[in-house]
Amino acid sequence: MRPLTFLLVPAVTLVAQAPADQNLAQRFNTELPGINQLLKELKPQEALAKVSALIPAQRPVFKAASPKDIGESLDNAQGLMSLYRLYANVMSESGQWEKALEIQEKRAQAARATLADLEKAQAPIATQWNDVAKASGEFVAKNEPRQKELEAKVAAFKTEYDEIKASKKKLTKKEVEDFNARGAQVQQDEAELQQIANALPVHKQNLANAPKVAKLLADNRKEVDGMIKSADEAIAKAKKAVADQNDEITQFNTQQTIKKVKVVGKKSWVDAVLRAPENVTKLGTPQAQAAFLNRLLVLDPGNVGAQKALDNLIAGKDAFAKEPKGSKKVGTKKK
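The structure displayed is predicted, hence computed values, not measured ones.

Scoring rules and cut-offs
- Residues numbered from 1 in each chain as written.
- Predicted model: local features only at pLDDT ≥ 70, side-chain atom pairs only at ≥ 80, totals over all residues.
- Heavy atoms only, no water.
- Helix = DSSP H or I, 4+ residues; strand = E, 2+ residues; numbered from the N terminus.
- Expected span 1.5 Å × (residues − 1).
- Bend = angle between axes of the 7 residues up to and from the residue.
- Contact = heavy atoms within 4.5 Å.
- Polar contact = N/O pair within 3.5 Å; in protein donor to acceptor, adjacent residues only side chain to side chain.
- pLDDT = per-residue confidence, 0-100.
- 1 Å grid on protein atoms, 1.4 Å probe; cavity = no way out; pocket = protein on both sides within 12 Å on 5 of 7 lines; lining within 4 Å.
- Points joined across faces, edges and corners; volume = space filled by probe spheres on them.
- Nonpolar A, V, L, I, M, F, W, Y, C, P; charged D, E, K, R; others polar.
- Buried < 20%, exposed > 50% of the residue type's maximum accessible area, 1.4 Å probe, protein only.
- Axes fitted to C-alpha atoms, helices over the stretch in contact; angles between N-to-C directions.
- Parallel < 35°, antiparallel > 145°, perpendicular 65-115°, else oblique.
- Left-handed = near helix turned anticlockwise from the far one by under 90°.
- Lys, Arg positive; Asp, Glu negative; His and termini not counted.
- Salt bridge = Lys/Arg side-chain N within 4 Å of Asp/Glu carboxyl O.
- Phe/Tyr/Trp six-rings, centres within 6.5 Å; stacked < 30°, edge-to-face > 60°.

## Brief notes about helix 1 (residues 24-40)
Residue pairs three or four apart in sequence face the same way in an α-helix, which turns once every 3.6 residues.
Then comes step 1: When the terminal C-alpha atoms of helix 1 are compared, their 24 Å separation across 17 residues agrees well with the 24 Å that a helix rising 1.5 Å per residue should span.
Then comes step 2: By the largest-angle criterion, leucine 32 marks the main kink of helix 1, which is about 40 degrees, and a proline, proline 33, follows within four residues.
Then comes step 3: Buried residues belonging to helix 1 abut helix 2 (44-52), helix 3 (67-93) and helix 8 (286-299).
Then comes step 4: The backbone nitrogen of alanine 25 lies 2.9 Å from a side-chain oxygen of the residue at the head of helix 1, namely asparagine 23.
Then comes step 5: In the segment just after helix 1, leucine 42 is the residue with positive phi, at about 60 degrees.

Written as structure tokens, this is what we have:
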């Protein structure tokens, strides 16, 4: 939350406030452990179903009726970015790298749309506070000297009054008229002095708050810029992974063709990868190995070797565990 509790001027209302949306950051935090557990249990399809249901059909409305609303909207946007990132990660672990890339692209689009909303929301606030700072600066510059001038004038008159009263000096009619005239003016001066005294603290506080507001607006912009940067970096990384793998497959198939070995799409590369089990086992954890095997099955659906290795991992075995010697599969006898 980023409420501007120190605002002394009313916040500009930009759009009608919509009903409160569910906080997506909280949704992400609540569901993340369960989804990570599904991935750890090598259940990416179940994880996909769960995370896809968390993504709203449309980007939540960016509420901008107040600075507090803007802060809540940014929290919600961060939640959406986290959900997209999680969705892309689960999609990647299921082997669907291209779809994961599409999700990252949607994430970047949502981040840029959030920036557009933020700029629209903050522009009037920035303009308002620029005007406030200018007006308050002018008031302080003009009225601080005026305050001192009036204080001295009022004090001098009161001193003179006290001296006349103490000396019991009789004034001429003309002196009385002049003194009373100055007294009437001093009353006006005191009223002006009170107005200045009441207004100066507000204007000084506005001058103190203006840079705080500017910093908050800048921090909000920086936060969304960070969302965009992170999404763009994820897109670049995802594109590189897909491109590098496609290049590797193309180079392999080219070499096979030169050797006059029959090439069957991406299947030939997948089979070659599986012939060296260390290509899978070197990845370490069962979760990492399963994610790579899922990718191989996307490249070559139904590949027996990849499916067998994946089944082994799901059963808690090593990916390339050998069947015990002498073991036979139980089958149905033919009649």
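## Here we look at the confidence of the model for the protein chain
Low pLDDT marks stretches whose predicted atomic positions should not be read closely.
Then comes step 1: Confidence along the protein chain averages 88 in pLDDT terms, with 90% of residues attaining 70 or more.
Then comes step 2: For the stretch residues 1-21, pLDDT sits under 50, and the model shows 52 contacts to residues farther than four places along the chain or on other chains.
Then comes step 3: Long-range and interchain partners of residues 330-335, a stretch whose pLDDT sits below 50, account for 0 contacts in this model, where long-range means more than four residues apart.

## Observations regarding empty space enclosed by the protein
Then comes step 1: A full pass over the atoms with the stated rule returns 1 cavity of 30 Å³ or more.
Then comes step 2: Counting residues per element, the lining of the largest cavity draws most heavily on helix 8, at 4 residues.
Then comes step 3: Grouping the constituent residues of the lining of the largest cavity by class yields 5 nonpolar, 2 polar and 2 charged.

## So, unusual backbone geometry
Then comes step 1: Of note in the backbone geometry, leucine 42 takes a positive phi value of approximately 60 degrees without being a glycine.
Then comes step 2: With a relative accessible area of 13%, leucine 42 lands in the buried category.

## Points about the layout of surface pockets
Then comes step 1: Approximately 640 Å³ is the volume attributed to the largest pocket.
Then comes step 2: If you go around the largest pocket, you meet 22 residues; those closest to its centre are Asn89, Ser92, Trp97, Lys237 and Ala241.
Then comes step 3: A breakdown of the residues in the lining of the largest pocket according to their chemical character gives 13 nonpolar, 4 polar and 5 charged.

## As for the packing of helix 3 against helix 5 (residues 173-258)
Then comes step 1: Taken N-terminus to C-terminus, the directions of helix 3 and helix 5 make an angle of 15 degrees; their axes are 11 Å apart at the nearest point. Considering the angle they form, helix 3 stands roughly parallel to helix 5. As helix 3 runs across helix 5, the sense of the crossing is left-handed. Of helix 5, the residues touching helix 3 (which contributes Ile70, Leu74, Ala77, Gln78 and Met81) are Asn220, Glu223, Val224 and Met227.
Then comes step 2: In terms of residue class, the contact of helix 3 with helix 5 is built from 6 nonpolar, 2 polar and 1 charged.

## Some thoughts on helix 8
Then comes step 1: Counted at 1.5 Å a residue, the expected span for helix 8 with its 14 residues is 20 Å, and the 20 Å between its end C-alpha atoms agrees.
Then comes step 2: For helix 8, the tally of buried residues reaches 10 of 14 residues, placing the bulk of the element in the interior.
Then comes step 3: Regarding helix 8, the residues found buried are Gln289, Ala290, Ala291, Phe292, Leu293, Asn294, Arg295, Leu296, Leu297 and Leu299.

## Overview of the side chain of glutamate 93
Then comes step 1: Here glutamate 93 is to be found in helix 3.
Then comes step 2: Buried charge glutamate 93 goes without a salt bridge, the closest partner of opposite sign being lysine 237 at 11 Å.
Then comes step 3: Discounting residues that sit within four places of it in the chain, glutamate 93 has contacts with Leu39, Pro44, Gln287, Ala291 and Asn294.

## What about the packing of aromatic side chains?
Then comes step 1: Under the definition given, this model contains 2 aromatic pairs.
Then comes step 2: With 4.7 Å between their ring centres and 25 degrees between their planes, phenylalanine 157 and phenylalanine 179 make a pair best called stacked. With a gap of 22 residues between them, phenylalanine 157 in helix 4 (residues 97-167) and phenylalanine 179 in helix 5 connect regions that are remote in the sequence. Phenylalanine 179 matches phenylalanine 157 in its accessibility class, with the two residues each being buried.
Then comes step 3: Relative to phenylalanine 179, the ring of tyrosine 161 has its centre 6.3 Å away and its plane inclined at 20 degrees; by these criteria the two rings are stacked. Residue tyrosine 161 is located in helix 4, and its partner phenylalanine 179 is located in helix 5; the two are separated by 18 residues in the primary sequence.
Then comes step 4: Given a relative accessible area of 41%, tyrosine 161 falls into the partly exposed group.
Then comes step 5: Aromatic ring contacts, followed pair by pair, group Phe157, Tyr161 and Phe179 into a single cluster.

## Re the pattern of salt bridges
Then comes step 1: Going through the model one piece at a time under the given rule, you end up with 21 salt bridges.
Then comes step 2: Between arginine 182 and glutamate 160 there is a salt bridge, with the nearest N and O atoms lying 2.8 Å from each other. Residue arginine 182 is located in helix 5, and its partner glutamate 160 is located in helix 4; the two are separated by 22 residues in the primary sequence.
Then comes step 3: One salt bridge in this structure joins arginine 221 and aspartate 225, with 3.0 Å as the shortest N-O distance. With arginine 221 and aspartate 225 both in helix 5 and 4 residues apart, this pair spans about one turn of that helix.
Then comes step 4: You can call aspartate 225 partly exposed: its relative accessible area is 31%.
Then comes step 5: A single network of salt bridges, built from pairs that share partners, joins Lys63, Lys68 and Glu72.

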